Structures are given as C-alpha cells and as structure tokens.
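Reading the structure
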Amino acid sequence: MSDTVTEVRNETVPYFPMDRDARCPFAPPDGTRVLRESNPVSRVEIWDGSRPWLVTGHAEQKALLGDPRISVDEKLPGFPHWNEGMAANVGMRPKSVFNSDGADHSHFRRMMTRAFTFKRVKELRPFIQETTDELIDTILAGPKPADLVATLALPLPSIVISQMLGVPYDSHAFFQENSVKSVDRYATPEENMQAFAAMFMFMLELVEKKMSEPADDVLSDFARHAKEGEIDAAEAAQMGLGMLIAGHETSANMIALGTLALLENPDQLSILRSGDDKVVGDAVEELMRYLGIIHNGQRRIALEDIEISGQHINAGDGVIIELSSSNWDPAAFPEPERLDLTRSARHHTGFGFGPHQCIGQQLARAELQIVYTSIFERIPDIRIAVPTEQIEFKSDRLAYGVYSLPITW
Ligand code: HEM
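Values in this document were obtained by computation on a predicted structure and should not be read as measured data. Here the residue index of a chain counts from 1 through its sequence in written order. Local features in this predicted model are restricted to residues of pLDDT 70 or higher, and side-chain atom pairs are both shown and tallied only at a pLDDT of 80 or more, whereas totals for entire chains, interfaces and linings draw on every residue. Excluding hydrogens and water, the side-chain values take into account all heavy atoms of the structure.

**Brief notes about the packing of aromatic side chains**
Here the aromatic set is Phe, Tyr and Trp, taking the six-membered ring for Trp, and pairing holds for ring centres within 6.5 Å; pairs whose planes are under 30 degrees apart are stacked, those over 60 apart are edge-to-face, and all others are tilted. Tallied over the full model, the rule gives 7 aromatic pairs. Aromatic pair Phe 196 and Phe 200: ring centres 6.0 Å apart, planes at 15 degrees, arrangement stacked. Within this pair, Phe 196 and its partner Phe 200 are both found in helix H10 (residues 189-212), separated by 4 residues, close to a single helical turn. Their ring planes at 25 degrees and their centres at 5.5 Å tell us that Tyr 290 and Trp 328 sit as a pair that is stacked. Placement of Tyr 290 in helix H14 (residues 277-291) and of Trp 328 in the loop between helix H15 (323-326) and helix H16 (361-378) is noted, with a sequence separation of 38 residues between them. In this structure, Tyr 290 and Trp 328 share a single accessibility class: buried. In textbook terms, an aromatic cluster arises when at least three aromatic residues are bridged by ring pairs, as seen for Phe 26, Tyr 290 and Trp 328. Geometrically, a lysine NZ or arginine CZ counts as sitting over a ring once it is within 6 Å of the ring centre and also within 35 degrees of the ring normal. One Lys or Arg, Arg 20, reaches over the ring of Tyr 400 and ends 3.5 Å from the middle of that ring. Only runs of H or I of at least four residues qualify as helices and only runs of E of at least two qualify as strands under DSSP, and these elements are numbered from the N terminus. Accessibility here uses a 1.4 Å probe with only protein chains present; expressed as a share of the type maximum, an area under 20% marks a residue as buried, one over 50% as exposed, and anything in between as partly exposed.

See below:
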C-alpha cells in the first residue's frame, strides 16, 4: 500500500497540486490515482494551509459539478484559491461568467454563448484552415528544427480568438506575457495584479472604442450590451478578457502536447492519418481525455452540507475538482493509460461539466481537428528533433503543456 494512503488514514493529508511522474509525461500525478483508490472525495492541503476536498472520481466530479449546492463564488470565505495572488486580488475581479452562479451566471453566459453559435464556428472553419496552412507554409520554408509551439500551436488559436473578438493580433505578445503572469503560481500577488490590471485596462479601452465605433466582432457585441445597459463596460471588458485568456493557451497546449502524444504512439497516428472526419473527431475527444491539460483543479465552495462517497462536505468547505485525474478513472475509461483513438471518450470532462462547461469547446474542437489533420498531411515525415527527456513540460502552469517542441522533417 502506498505512503499517500497511509498518510490519509493518519489524518496527515497530502499536498495539492501534486507532482507528475517523470516516467510518463502524459499521466496525471500518480498521487491523484492513489487518493481516488482510497476515496474519490478526500481532503488535501493547499498553499495557504487550508484543507479543501479534492475530488478525483469521474462520477463524483460530474455529480458535484452539476450540483447547485456547489458554487464558484470566489469571494466567499473558505474559497480554495489557486494561489496567493488570486486570493489577494479577488476584490479587483468584476463579476463574470467564471465567478457567478445561478441567474447571474446565466445572464453573462447567454451573452457569451451567442458568440459561439454552431453557425459562427462553422463559418470560421475556412479561416482556421487557411491560417493553419499559412503557418505550416512558413514552417516548411524556414530552418530546421522548428519550434512547433512558437510557429503554430500558440499563434493559431491566438489569431483565431483575436479575429473573433476584434482584438488587434499585434497585441498578442502583450496578452500572452501578461496572461501567464496574472495566474503564475510563483509570481508575487503584486505581479499577478499588475499583469491583470494591464490587460484589463487595455480591454476596457477597446470596449469603449467599440461602443462608439462598432464592428462585426464579438467585442462589439459585448460593447452593445454595455451600451444598452445589460452590463457595464467593465463587465464587457472582463468577458472579452476571459475569452481571450481561456481561448488561446488551452488550445495551444492541446495542439503541441497532442502532436507529441501522436508521434510517441505511431500505431494511433496511423489511425488518425487514414481516418475520415468521424475518426478525427473521435481522436480529438480521446486526446482531450488522455492529455488532461486542465490539471490544477477547478475551484468551488459548498453552499450547503453535501453527502457524497461516504464523506460529509460541510457548507463553507472548499472543493477542488481535478479534471485530469477523473479522465484516467478506470471506472469511466477502461485501461485509461492507453491512448486509444478508437475508444468512445465523449463523456470526458476535459471541457468541464455542468453549468460552467466550456463555452469555446466547439471552436477548440474545430481548431484541433483541422490542426492535427493538417500537420500530418502537410509534414508527412515530421518527427521530434530532441530526445523526450529534453522536452520541458509546463507542470507549473494552470494548463499543462510543453514550453517548446522542436520538430524536424
Ligand atoms: C482545448 C481548449 C480548451 C479547453 C481544454 C478548455 C477547458 C475548459 C474547462 C475545463 C472549463 C470549465 C471550467 C470550470 O468548470 O471551472 C472551461 C470553461 C470556459 N471556457 Fe474553455 N477550454 C478550451 C478552449 C476555450 C476557448 C477556445 C474559449 C473561448 C474562446 C473558451 C472559453 C471558456 C469560457 C468563457 C469558460 C467559462 C464558462 C462558464 O464559466 O460558464 N475555452 N474551459
């Protein structure tokens, strides 16, 4: 029996977040498996010494994510913040889709989901394909090895979300740098706050401009809602900022890490290569499950007492839903450690579950389906240019991925 289980029985709880196992860069931290086998709803200790619940089971996560007694209200005492900076700056963040429940949440969410209609995403597909092709042309014309992150994985989602929102793409370096800093676990609260404030002010100015000079883009839609008094300008800026941050680094990590996983599993890559649209669609779902890039735990707080998995969660207890571990729960996915593009993985929680499920998931799916297909079609003899041990993984970021991925062909 592992040490972690013994510690839990002795009431010294494990620390969260946990380290990943260097032997398999794709596996969630083994400590989450150990905890799940002990009890899928268990106490952990976090950075401020508090002891929220960590939920690691697939069924338990779905039950809690869909339970109205569980809240995202980060202002409530006992909320298990990601880090000191997020806790210190909680008063600065306006109400948004990310931190509101019930009717308030539906109010924000309705305005945002209108931007992501099936039709709008379908119309974006040719633009995503064209942009992908241009970026790959540049890779092929450039020196070898090339860094897949800098040349394709980061710019593609960044260009797409900037285009959709109506944010000038030339500000992407500013947003990229500050969005990383605003949630960096190791940055000081002041650094977190400065980065957030810089991005917020930029976005607010843009919203104010679009209130008087609207264009055909999503930020202009938000500016119109502000003009009509449905929300204020700060809330419109926060919605735009939320989308920009949520919408590029997540997809970027999936593109680079997914490419690496496929190259490391040539039998699976050949399934993708010879497959039709349905095969590619299923492959993206399996990669979403397998890679577990959202690995730092979605933060919640209990509004009422809840009984689950033999545990009693008290009203006011912090709750952390660790999505990557539940996507390796063998009760939901047999042999979870096997990347199997033919399995039915559509019930994964890579995009969350319940009322806060990802708003941009159809856009992310479109990007991933197009990119994975195009990379292996256009660069048929692509390979990783360094030994796997030399690849630096983003274990210290809110979303898991690689800092760079040298490729050659
Ligand atoms: C592969 C890429 C992506 C992944 C893995 C991902 C993952 C997630 C997850 C797990 C959640 C749920 C958070 C929670 O319950 O606490 C979420 C929510 C959200 N995502 Fe994504 N996302 C991706 C792409 C995008 C894109 C492209 C956009 C927008 C352009 C976006 C916008 C949002 C928004 C606005 C929410 C908040 C929804 C709410 O609270 O009601 N995401 N995402």
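Still to come is the rest of the account.
**Some details on the site of the ligand**
Near residues are defined by distance, with any heavy atom within 4 Å of the molecule or strand qualifying the residue. In the vicinity of the ligand lie 29 residues, with His 105, Arg 109, Arg 300, His 356 and Cys 358 positioned nearest. One of the backbone N or O atoms of Val 97 is found 3.2 Å from an oxygen atom in the ligand. Among the elements of the structure, helix H5 (102-113), helix H12 (233-264) and strand S5 (298-302) are those that each provide at least two residues to the shell around the ligand. Only Asp, Glu, Lys and Arg are considered charged in this grouping, and only Ala, Val, Leu, Ile, Met, Phe, Trp, Tyr, Cys and Pro are considered nonpolar; every other residue, Gly among them, is considered polar. Taken together, the residues that form the shell around the ligand break down as 17 nonpolar, 10 polar and 2 charged. Under this definition, polar contacts are N or O atom pairs within 3.5 Å; protein pairs additionally need one hydrogen-donor-capable and one acceptor-capable atom, and for neighbouring residues in sequence, both atoms have to be side-chain atoms.

**A few points about the pairing of S5**
Counting buried positions along S5 gives 4 out of 5 residues, so the element sits mostly inside the fold. Strands are treated as partners if at least two bridges between them are detected by DSSP. Note that strand S3 (residues 70-71) and S5 share 2 bridges and pair antiparallel. Pairing of Ile 70 across the sheet is with Ala 302, part of S5. Of the pairings in the sheet, the one linking S5 to strand S8 (residues 318-321) comprises 4 bridges and is antiparallel in character. Opposite Gln 298, over in S8, you have Ile 321 as the bridge partner.

**Things to note about the environment of Leu 405**
Its place among the elements puts Leu 405 in the loop between strand S9 (383-384) and strand S10 (406-408). Other than its neighbours up to four places away in sequence, Leu 405 contacts Ala 146, Asp 147, Leu 148, Val 149, Ala 256, Leu 260, Ile 384 and Ile 391. Any pair of residues with heavy atoms lying within 4.5 Å of one another is described as a contacting pair.

**A closer look at the coordination of the iron atom of the ligand**
Under ideal tetrahedral coordination, the four donors around a metal are separated by 109.5 degrees; under ideal octahedral coordination, the six donors are separated by 90 or 180 degrees. Metal donors: N, O and S atoms at distances within 2.8 Å, or within 3.2 Å for Na, K and Ca, with water omitted from the atom set so that some sites may seem incomplete. Donation to the iron atom of the ligand from the protein comes from one atom only, Cys 358 (SG), at 2.3 Å. Mapped onto the fold, Cys 358 is located in the loop between H15 and H16.

**Section: helix H13 (residues 266-273)**
Listed as buried for H13 are Gln 268, Leu 269 and Leu 272. Considered in projection along H13, the buried side chains sweep an arc of 105 degrees and stay on one side of the axis. On its buried side, H13 packs onto H12, H14 and H16. Taken from the helix axis, the directions to the C-beta atoms give the arc we talk about.

**Observations concerning the sheet that holds S9**
The 3 strands are arranged S4-S10-S9 in an open sheet whose pairing can be described as antiparallel. Either end of the sheet is taken by a strand with one partner, and the two such strands are strand S4 (146-147) and S9. One ladder, built from 2 bridges, connects S4 with S10; its direction is antiparallel. In the sheet register, Ala 146 faces S10, and the bridge partner there is Ile 407.

**A few points about the pairing of S8**
Residue alternation in S8 divides its side chains into two sets, Gly 318 and Ile 320 and Val 319 and Ile 321, and both sets are buried. Relative to S8, strand S2 (residues 53-55) runs parallel, the two being bridged by 3 bridges. From the neighbouring strand, Leu 54 faces S8, where its bridge partner is Ile 320.

**Some details on the pattern of salt bridges**
Put simply, a salt bridge is a Lys or Arg side-chain nitrogen that is within 4 Å of an Asp or Glu carboxyl oxygen. Taken as a whole and judged by the stated rule, the model has 20 salt bridges. Residue Asp 329 is joined to Arg 36 by a salt bridge in which the shortest nitrogen-to-oxygen separation is 3.9 Å. On the criterion of sequence distance, the pair formed by Asp 329 in the loop between H15 and H16 and Arg 36 in helix H2 (residues 30-38) is long-range, its members being 293 residues apart. In this structure Asp 329 comes out as buried when scored by relative accessible area, which is 9%. Judged by relative accessible area, Arg 36 falls into the buried class, the value being 11%. Between Asp 67 and Arg 69 there is a salt bridge; the shortest N-O distance is 2.7 Å. For Asp 67, a relative accessible area of 13% corresponds to the buried category. Residues joined in a network through salt bridges with shared partners are Asp 30, Arg 33 and Glu 37.

Read these as spatial facts, not as claims about activity.
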